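# Working through the structure, step by step
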Amino acid sequence: MILKKADPLVDKLIKAEIKRQGETLGLIPSENIVSRAVREALGSELTNKYSEGYPGKRYYGGNKIIDQIEILAQERARHVFKLGKNWHVNVAAYSGSPANLAVYYALLKPGDKLMGLSLPFGGHLTHGWKASITGQIYTPVQYTLNKDGLLDYEEIKKLADQEKPKIIVAGATAYPRTIDFKKFADIAHEVGAYLMVDMAHIAGLIAAGAHPSPFPYADVVTTTTHKTLRGPRGAIIFANCDSKIAKENKIDLAKAIDKSIFPVFQGGPHDNQTAAIAVALAEALKPSFKKYGHEIVKNAKALAQELKKLGFSLVSGGTDNHLMLIDLTNLGISGKVAQDKLEEAGVVVNRNTIPHDTRSPFDPSGIRLGTPSVTTRGMKEKEMKIVAKLIYDTLLEKQPQIMIRKEVRKLCAKFKIF
Ligand SMILES: *Cc1c(COP(=O)(O)O)cnc(C)c1O
């Protein structure tokens, strides 16, 4: 009401976006729908405060309450991932990319080797891709996937033995299968490299026990808070204070990472964001979140199975987690064309390269689909079958687009967001 008066134009645009979210099926696997409680914390007066530094060590006055909020977020993060006191938690990073860069800065010198999954194979920009600063300051060593679209731990080991990187990053933005963190740890530690797990995409599944945890094996874990974890945009960095590699390198991991976030990369933390992270973590501690995490996976498996029945080709043949990649090569349409057609029909996905893609990242051979948002809306396996059919009808032009759009609207109306 107040915004409408103060700035009718922005108000109108926000309302249009709310309407769009409500009336479309969001299948982008990195997106989710946060609770009103999270949004309330995010939109709170905490945005008015400056609190450079950390709890008990601030550069500004008036931070006694902010300290409590930040400590609460740290403690809840430890609870959610069942961590002992040996894990140091930093909740101050603005988002996932700066969090990753801060870890590299803490542990590497310019030119040191950083090994991660190559972007066209599902890795993130910040895992050493050349377009990212992480591939420019550091020397990237990039592993790929085998012909079946799977991580090949023997190949990864060979590459690590040969290149001797300082950090190996395990984690991805477009990998539909379970990641074996123990194998990664063995490979990394044998060459004296840190294992950094970037669990941004699967943090919510790990919190729910629907994907194995990296914490028994990793030296550092980073995550965004806004994907399957269903919080505000933000990030958390976890540092294992018992890390042998850190001890060998005489590095105090906790101190080095805290310092890297502030004062090296950032000024004041976004306290409203920290509070909203704390709220999301409290939600993730509830039994209902455990159920949610498992339902995401069940829905993804149901969607994958139905798509396969309809003749779609899935990278690696299916999924173990929240996402899948459709290889559109056999349909003779590109990822971009598919994304646009689906958007017209009200199904929002993103185009994506597939392993060993022969097309460009701007117009690749695949699309990426995930179930975190539709699962938050309450959809179950039954609806996933309908969604698969809607995708099929759209891409193979089995029904007029306008009819499909109507059906999407009807389905969305049954599973309201707001
Ligand atoms: C999303 C993501 C990030 C980056 O997060 P931003 O908040 O968009 O900067 C980093 N790593 C992985 C694996 C991601 O999926």
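As the structure is a prediction and not an experimental result, all values here were calculated from the model. (Residues numbered from 1 in each chain as written. Predicted model: local features only at pLDDT ≥ 70, side-chain atom pairs only at ≥ 80, totals over all residues. Heavy atoms only, no water.)

## Things to note about the site of the ligand
As a matter of local geometry, the ligand sits amid 13 residues, with Ser-95, Ser-97, Asp-198, His-201 and Lys-227 nearest to it. Taking Gly-96, its main chain carries an N or O atom lying 3.0 Å from an oxygen atom of the ligand. Here a nitrogen atom of the ligand sits 2.5 Å away from a polar atom, N or O, in the side chain of Asp-198. The biggest single contributor to the shell around the ligand is helix 5 (residues 96-107), with 3 residues. In the shell around the ligand, the residues fall into 2 nonpolar, 9 polar and 2 charged. (Near = heavy atom within 4 Å. Polar contact = N/O pair within 3.5 Å; in protein donor to acceptor, adjacent residues only side chain to side chain. Helix = DSSP H or I, 4+ residues; strand = E, 2+ residues; numbered from the N terminus. Nonpolar A, V, L, I, M, F, W, Y, C, P; charged D, E, K, R; others polar.)

## A short note on the sheet that holds strand 9 (residues 220-224)
Pairing between sheet strands relies on hydrogen bonds along the backbone, with the strands arranged either parallel or antiparallel. On the basis of which strands lie adjacent, the open sheet formed by 7 strands has the order 4-10-9-8-7-5-6 and mixed pairing. Strands with a single pairing partner mark the edges of an open sheet, and in this sheet they are strand 4 (87-90) and strand 6 (139-143). Direction aside, the axes of adjacent strands within the sheet are offset by 20 degrees on average. With 4 bridges joining them, strand 4 and strand 10 (residues 235-240) adopt antiparallel strand pairing. Each residue of the ladder has a partner; that of His-88, found in strand 10, is Ala-239. Taken strand by strand, helix 11 (residues 253-265) contacts strand 4, strand 8 (194-198), strand 9 and strand 10, and its axis lies near 155 degrees from that of strand 10. (Pairing = 2+ DSSP bridges. Axes fitted to C-alpha atoms, helices over the stretch in contact; angles between N-to-C directions. Contact = heavy atoms within 4.5 Å.)

## A look at the nonpolar core
Of all hydrophobic cores here, the largest spans 54 residues; its most connected members are Phe-81, Leu-151, Phe-184, Met-199 and Phe-238. Non-local contacts of Leu-151, meaning those with residues more than four positions away in its chain, are made with Tyr-143, Leu-145, Ile-156, Tyr-175, Ile-179 and Phe-184. Counting residues in each nonpolar core, the second largest holds 34 residues, with Leu-307, Met-324, Val-347 and Met-379 among its members. (Core = buried A, V, L, I, M, F, W, Y, C linked by side-chain atoms within 4.5 Å. Buried < 20%, exposed > 50% of the residue type's maximum accessible area, 1.4 Å probe, protein only.)

## Looking at the packing of helix 13 (residues 287-309) against helix 16 (residues 381-395)
Between helix 13 and helix 16, the least distance of the axes is 8 Å, while the angle of their chain directions is 40 degrees. Between helix 13 and helix 16, the angle falls in the class oblique. Between helix 13 and helix 16 lies a crossing whose hand is right-handed. For the pair helix 13 and helix 16, contact is made by Lys-298, Asn-299, Ala-302, Leu-303, Glu-306 and Leu-307 and by Glu-381, Met-384, Lys-385, Val-387, Ala-388 and Ile-391, respectively. Along the lines of polarity and charge, the residues of the contact of helix 13 with helix 16 split into 7 nonpolar, 1 polar and 4 charged. (Parallel < 35°, antiparallel > 145°, perpendicular 65-115°, else oblique. Left-handed = near helix turned anticlockwise from the far one by under 90°.)

## Concerning the domain arrangement of the chain
Split into domains, the chain comes out as domain 1 (40-284) and domain 2 (295-414). Computed from C-alpha coordinates alone, the two centres of domain 1 and domain 2 are separated by 29 Å. Between domain 1 and domain 2, the contact holds 21 residues from the first and 21 residues from the second. A buried area of about 1700 Å², summed over both sides, lies between domain 1 and domain 2, and 57% of it is on carbon and sulfur atoms. Its largest share of buried area at the contact with domain 2, domain 1 owes to Pro-176, Arg-177 and Leu-205, together 33% of the area lost on that side. Between domain 1 and domain 2 we count 1 salt bridge in total. Where domain 1 touches domain 2, the interface holds 13 residue pairs in polar contact (both at pLDDT 80 or more). Among the residues forming the side of domain 1 that touches domain 2, the class breakdown is 11 nonpolar, 6 polar and 4 charged. (Domains from an automatic or database assignment. Buried area = accessible area lost by both parts, 1.4 Å probe. Salt bridge = Lys/Arg side-chain N within 4 Å of Asp/Glu carboxyl O.)

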